[in-house]
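Structural description and commentary
Here's the letter readout for the chains.
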Amino acid sequence: MAPVAPRSGDAIFANVERVNAELFTLTYGAIVRQLLTDLEEVEEVNKQLDQMGYNIGIRLIDEFLAKSNVSRCIDFKETAEVIAKVGLKMFLGVTATVGNWDAEGTTCSLILEDNPLVDFVELPDTCQGLYYCNILSGVIRGALEMVSMKTEVTWIRDMLRGDDAFELQLKLLKQVPEEYPYKDD
Ligand code: MYR
């Protein structure tokens, strides 16, 4: 019998990471499937996924700020880059390209070539209209609201609908000035 070569620590960690990522993807798939069964209407599932994401986002921002050591962004352009290169990397293991800025610098797109949420996913015809990754738009909207930015986050392109990439549009609606808790005398 051939001797079994011991695996290096790196190989074991890579394997554990892969299994965790697959488990995460499959768990998300099971949640979407359950919502489809419970709510029946695809529109309702879209809303529910967005709301779930929002609830996650308003909590996840603390972990993001604590772990990333990111300081205040000077403008929305920097914020978009931080989400694309640091936030998505930290929680999804991928990065996005930021593009399609409008002239005012308040609307842009995050373009993802790779999206672990959709590994193994194929939507049946009955799910036309489903924004499968709507949890992600909710997470970003929730997280940004906690750092004083009201946004609208919308899927523009979706590979599950036959597009060539995932494109998430971020629109800054309002930047709420943070309240200074003391009176200047
Ligand atoms: C600031 O100006 O206060 C910093 C703003 C940084 C906002 C970053 C939000 C990160 C959202 C993470 C999204 C992860 C999606 C899986």
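Above this note sits the structure.
This is a predicted model, so every value here is computed, not measured.

What about the nonpolar core?
Within the largest apolar cluster, 41 residues are counted, with the highest numbers of intra-cluster contacts made by Leu110, Tyr132, Ile140 and Leu170. Listed by contribution, the elements that provide at least two residues to this core are helix H1 (9–39), helix H2 (42–68), helix H3 (76–92), strand E2 (107–112), helix H4 (134–146), strand E3 (149–157) and strand E4 (166–175). Here the element with the most residues in this core is H3; it accounts for seven residues. When sequence neighbours within four positions are dropped, the list of residues in contact with Leu170 reads Phe76, Ile83, Thr106, Thr107, Cys108, Leu110, Ile140, Glu152 and Val153.

Side note on the site of the ligand
Lining the immediate environment of the ligand, one finds Ile61, Phe64, Arg72, Cys73, Ile83, Gly87, Leu88, Phe91, Leu136, Val139, Ala143 and Val147. A distance of 2.7 Å is found between an oxygen atom of the ligand and a side-chain nitrogen or oxygen belonging to Arg72. For the ligand, an oxygen atom lies 2.8 Å from a polar atom in the backbone of Cys73. Going through the elements one at a time, H2, H3 and H4 are the ones with two or more residues in the shell around the ligand. A per-element tally of the shell around the ligand places H3 first, with four residues. The residue inventory of the shell around the ligand, partitioned by class, reads ten nonpolar, one polar and one charged.

Describing the pairing of E2
Of all six residues in E2, six are buried; the element is thus mostly enclosed. The alternating pattern of E2 places Thr107, Ser109 and Ile111 on one face and Cys108, Leu110 and Leu112 on the opposite face, and all of these are buried. Alignment of E2 against E4, held across six bridges, turns out to be antiparallel. In the strand pairing of E4, Leu112 is matched with Phe166.

Considering a negative patch on the surface
On the surface, Asp38, Glu40, Glu41 and Glu43 cluster together to form a negatively charged patch. Topologically, Glu40 is positioned in the loop between H1 and H2. Note on Glu40: relative accessible area 65%, which makes it exposed.

Conventions used here
Residues numbered from 1 in each chain as written. Predicted model: local features only at pLDDT ≥ 70, side-chain atom pairs only at ≥ 80, totals over all residues. Heavy atoms only, no water. Core = buried A, V, L, I, M, F, W, Y, C linked by side-chain atoms within 4.5 Å. Buried < 20%, exposed > 50% of the residue type's maximum accessible area, 1.4 Å probe, protein only. Helix = DSSP H or I, 4+ residues; strand = E, 2+ residues; numbered from the N terminus. Contact = heavy atoms within 4.5 Å. Near = heavy atom within 4 Å. Polar contact = N/O pair within 3.5 Å; in protein donor to acceptor, adjacent residues only side chain to side chain. Nonpolar A, V, L, I, M, F, W, Y, C, P; charged D, E, K, R; others polar. Pairing = 2+ DSSP bridges. Patch = residues over 30% accessible without salt bridge, like charges linked within 9 Å, V, L, I, M, F, W, Y side chains within 5 Å. Areas by Shrake-Rupley, 256 points an atom, 1.4 Å probe, with all protein chains shown as cover. Salt bridge = Lys/Arg side-chain N within 4 Å of Asp/Glu carboxyl O. Lys, Arg positive; Asp, Glu negative; His and termini not counted. Charge placed at Lys NZ, Arg CZ, Asp CG, Glu CD.

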